[in-house]
Amino acid sequence: MKNILLMLLPLLGLVQTTKADTIDFWHVYYNHTKIQEFNQYGTHEIRLKLESLKSGDSITVKYFRDTPCSRCATYLTVEDEKHHVFVTSSGKGTFNPISFSINKLIELRKQGYMQTFEIFYFEGEIKSRSDKILIFRIILE
């Protein structure tokens, strides 16, 4: 019996235990209509036609994760590729929607400034650049 147990021990060492992994995901709404669902894997883009956008239109993000916070400050920032922040919106608690108006994006695009904007999500105080999560890009065509 001891011999069998001794022979099985190396095999037991080869068996890996896996933890259940959860994936953060978020829903994106344009004027209260869901237009996309994304998760933390991959590069995500939303293409919007500049001529179809109206002043007062908005983008709303509902961010979901397995370890939510109910009282933490949550933020979305709209930035360019060089990380200049153009818009910041805030909320309170994970799962709660955060919205921003696209007026500033329309204005910047019409001035010829750029066509791609990066949307970042973060919670609490930013201590380093890695605290922000790039959740998608908006491309104005």
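The rules behind the values
Residues numbered from 1 in each chain as written. Predicted model: local features only at pLDDT ≥ 70, side-chain atom pairs only at ≥ 80, totals over all residues. Heavy atoms only, no water. Pairing = 2+ DSSP bridges. Helix = DSSP H or I, 4+ residues; strand = E, 2+ residues; numbered from the N terminus. Axes fitted to C-alpha atoms, helices over the stretch in contact; angles between N-to-C directions. Phe/Tyr/Trp six-rings, centres within 6.5 Å; stacked < 30°, edge-to-face > 60°. Buried < 20%, exposed > 50% of the residue type's maximum accessible area, 1.4 Å probe, protein only. Lys NZ or Arg CZ within 6 Å of the ring centre and 35° of its normal.

A.B. asks: Quick rundown of the sheet that holds strand 6 (residues 85-92)? Include the residues and the values.
C.D. replies: Taken in spatial order, the five strands make up an open sheet running 3-9-8-5-6, and their pairing is mixed. Looking at strand neighbours, the two that pair on one side only are strand 3 (45-48) and strand 6, the edges of this open sheet. Averaged over all neighbouring strand pairs, the angle between strand axes comes to 20°, with direction disregarded. For strand 3 and strand 9 (residues 133-140), the ladder comprises four bridges, and the chain directions are parallel.

A.B. asks: Run through the packing of aromatic side chains, naming residues and quoting values.
C.D. replies: Under the definition given, this model contains seven aromatic pairs. Arranged with centres 6.3 Å apart and planes meeting at 85°, the rings of Phe86 and Phe117 form a pair that is edge-to-face. Of this pair, Phe86 sits in strand 6 while Phe117 sits in strand 8 (residues 116-123); the two residues are 31 residues apart in sequence, bridging distant segments of the chain. Accessibility expressed as a relative area gives 0% for Phe117, which makes it buried. Above the ring of Phe120, the side-chain terminus of Lys132 is found at 5.8 Å from the ring centroid.

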